[in-house]
Amino acid sequence: MDITILEYHPEVREALAQRRPVVALESTLITHGLPYPVNLEVASAMEKAVRDAGVVPATIAVLQGRITVGLTPDQLAYLARARDVRKCSRRDFPIVLARKGDGATTVAGTMIVAHMAGIRVFATGGIGGVHRGHPFDVSADLLELAQTPVAVVCAGAKAILDLPLTLEVLETHGVPVIGYRCSEFPAFYTRSSGLPVDVRCDTCEEVAAIVRAREALGFHTGTLVAVPIPEKDELPAPVAEKAIAHALQEAEARGVRGKEVTPFLLARVSELTHAESRTANVALLENNARVAAHIAMALAAPA
Ligand code: PSU
Ligand code: MN
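It should be emphasised that the depicted structure is a prediction, and the values quoted were computed from it without experimental measurement.

A. The arrangement of the overall build of the chain in detail. When helices and strands are tallied, the chain shows 12 helices and 13 strands. Since a compact globule built from 303 residues should have a radius of gyration of about 19 Å, the 18 Å found for the chain is in line with a globular shape. Its C-alpha atoms put the chain at 50 × 40 × 35 Å along the principal axes. Every one of the 303 residues in the chain was classed for burial, and the buried ones make up 55%. Across the chain, the fraction of contacts at a sequence separation of at least 24, relative to all contacts at a separation of at least 6, is 74%. Accessible surface computed for the chain: about 13200 Å², of which carbon and sulfur atoms make up 55%. Looking at charge distribution, the chain has the averaged site of its 30 positive side-chain charges lying 4 Å from that of its 34 negative ones.

Given below as structure tokens:
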């Protein structure tokens, strides 16, 4: 990729040049997923979790029309408070670049930039998917997984979604779903959904072997690595489900549409669970960052 398109943090540039492991982190969860100051704390904690494993974190965002790979603490703090930030999936990049605006990359957006930069592993919370009752509201995250070769470490798809349909779409597009130390697809706030994954891996080396095999085949599909939320942080399933059902009804009644749906539901579920869901969200984000770092290490090691 033309170096002028991507702006690298020097530490990230150096790590990539030396083929040392790097983990990409997204920015929509900072601007649209969590309120200030929790968002800044979590973003910093995720970077720290990656660093503690000996890996370089690269939080990705668009700042004044420049796609930035690896943020300084000042840039991170700016983003955490910024208002006018566009949620960036594939369709949004041309707009935000041309207008020299600020953009927060979603899972889809972060995958695009990670791949341009040569970063193979990316950690997030939950991917987007097919919305309940709206089978045509399919997150751009799924279509990006279909065409961009990055390993996405997540706690499953957000539980506000239709998980069976989300897995169907991934299957259609040829995206392997790996359960990291689990045999069921995790449901974000809870550890299991009752739905099977394609394969269970108990070590990061096993995950790395699947990513390498995909690379050797020349497939351009992403790889989904689903990591259940740690047991101690899990929400009781009925608590999560009750809040989600309530939030979904409200979204329908208020006519919430398009890219507003996910942020609205996450915020309402958090209010309805007295922030318990947010605490769970924070815990799984840190855990995913740590697992992603170990996978990046395994990938960087000689096979
Ligand atoms: N995971 C979280 N919080 C979030 C998101 C993921 O813990 O806010 C964001 C991701 O950026 C994901 C987006 O790509 O929600 C999905 O939005 P949509 O459903 O509009 O595609
Ligand atoms: Mn949508």
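B. The site of ligand 1, seen in detail. In the region of ligand 1, 17 residues are neighbours, and Glu 26, Lys 87, Ser 139, Asp 141 and Thr 262 sit closest. Here an oxygen atom of ligand 1 and a side-chain polar atom of Lys 158 are 3.1 Å apart. Residue composition of the shell around ligand 1, by class: 4 nonpolar, 9 polar and 4 charged.

C. Geometry of helix 4 (residues 73–81). Burial in helix 4 covers these residues: Leu 76, Leu 79 and Ala 80. Burial along helix 4 is one-sided: seen end-on, the buried residues are contained in an arc of 100 degrees. Helix 4 presents Asp 74 and Arg 81 as exposed residues on the side facing more than 90 degrees away from its buried surface. Packing partners of the buried residues in helix 4 comprise helix 2 (28–33), helix 3 (38–52) and strand 3 (56–63).

D. Just the pairing of strand 13 (residues 223–226), in detail. Side-chain alternation along strand 13 places Thr 223 and Val 225 on one buried face and Leu 224 and Ala 226 on a second face that is also buried. Both strand 10 (residues 151–154) and strand 13 contribute to a ladder of 4 bridges, which runs parallel. Residue pairing across strands places Cys 154 opposite Ala 226, the latter belonging to strand 13. Pairing geometry for strand 11 (residues 177–180) and strand 13, over 3 bridges, is parallel. When the sheet's bridge partners are listed, Val 177 is paired in strand 13 with Leu 224.

E. How the structure looks around the environment of Ala 108. As for its placement among the helices and strands, Ala 108 is situated in helix 6 (residues 107–117). Residue classification places Ala 108 among the buried residues on the basis of a relative accessible area of 0%. Put simply, Ala 108 and Glu 26 are 82 residues apart on the chain and 9.3 Å apart in space, counted from C-alpha to C-alpha. Setting aside residues up to four positions removed in sequence, Ala 108 forms contacts with Ser 89, Ala 140, Asp 141 and Glu 144.

F. The nonpolar core, seen in detail. Ranked by size, the top nonpolar core spans 107 residues in total, and within it Val 23, Val 69, Ile 127, Phe 185, Tyr 189 and Leu 224 carry the most contacts. Ranked by the residues each element gives to this core, the list is headed by helix 12 (residues 276–300), at 12 residues. Apart from the residues within four sequence positions on either side, Ile 127 is in contact with Val 107, Asp 141, Leu 142, Leu 145, Val 152, Cys 154, Gly 156, Ala 157, Lys 158, Leu 161, Leu 170 and Leu 224.

G. Region of the structure containing the pattern of salt bridges. Counted according to the given criterion, the structure contains 15 salt bridges. For Arg 132, the salt bridge identified is with Glu 241, shortest N-O distance 2.9 Å. Note that Arg 132 is positioned in the loop between strand 8 (130–131) and strand 9 (134–138) and Glu 241 in helix 10 (residues 237–254), a separation of 109 residues in sequence. The exposure class assigned to Arg 132 is partly exposed, which follows from its relative accessible area of 24%. Put simply, Arg 268 and Glu 250 hold a salt bridge, and the shortest N to O gap is 2.6 Å. Here Arg 268 is found in helix 11 (residues 261–272), whereas its partner Glu 250 is found in helix 10, with 18 residues between them in sequence. For Arg 268, a relative accessible area of 17% puts it in the buried group.

H. Just the packing of helix 9 (residues 204–217) against helix 12, in detail. Close contact between helix 9 and helix 12 brings their axes to 8 Å; oriented N to C, the two are set at 60 degrees. The pairing of helix 9 with helix 12 is recorded here as oblique in orientation. Like other packed secondary-structure pairs, helix 9 and helix 12 cross with a definite hand, here right-handed. For the pair helix 9 and helix 12, the contacting residues are Cys 204, Glu 205, Val 207, Ala 208, Val 211 and Arg 212 in the first and Val 291, His 294, Ile 295, Ala 298 and Leu 299 in the second.

I. Inspection of the packing of helix 3 against helix 4 at higher detail. Across the interface, helix 3 lies against helix 4 with an axial gap of 9 Å and an inter-helix angle of 145 degrees. Considering only the axes of helix 3 and helix 4, their crossing is right-handed. Counted together, Asn 39, Leu 40, Ala 43, Ser 44 and Glu 47 of helix 3 and Leu 76, Ala 77 and Ala 80 of helix 4 form the full contact between these two elements. In terms of residue class, the contact of helix 3 with helix 4 is made up of 5 nonpolar, 2 polar and 1 charged.

Here is what the cut-offs are and how they apply
Residues numbered from 1 in each chain as written. Chains lettered and ligands numbered in written order. Predicted model: local features only at pLDDT ≥ 70, side-chain atom pairs only at ≥ 80, totals over all residues. Heavy atoms only, no water. Helix = DSSP H or I, 4+ residues; strand = E, 2+ residues; numbered from the N terminus. Rg over C-alpha atoms; globule rule 2.2 N^0.38 Å. Buried < 20%, exposed > 50% of the residue type's maximum accessible area, 1.4 Å probe, protein only. Contact = heavy atoms within 4.5 Å. Areas by Shrake-Rupley, 256 points an atom, 1.4 Å probe, with all protein chains shown as cover. Lys, Arg positive; Asp, Glu negative; His and termini not counted. Charge placed at Lys NZ, Arg CZ, Asp CG, Glu CD. Near = heavy atom within 4 Å. Polar contact = N/O pair within 3.5 Å; in protein donor to acceptor, adjacent residues only side chain to side chain. Nonpolar A, V, L, I, M, F, W, Y, C, P; charged D, E, K, R; others polar. Arc of directions from axis to C-beta. Pairing = 2+ DSSP bridges. Core = buried A, V, L, I, M, F, W, Y, C linked by side-chain atoms within 4.5 Å. Salt bridge = Lys/Arg side-chain N within 4 Å of Asp/Glu carboxyl O. Axes fitted to C-alpha atoms, helices over the stretch in contact; angles between N-to-C directions. Parallel < 35°, antiparallel > 145°, perpendicular 65-115°, else oblique. Left-handed = near helix turned anticlockwise from the far one by under 90°.

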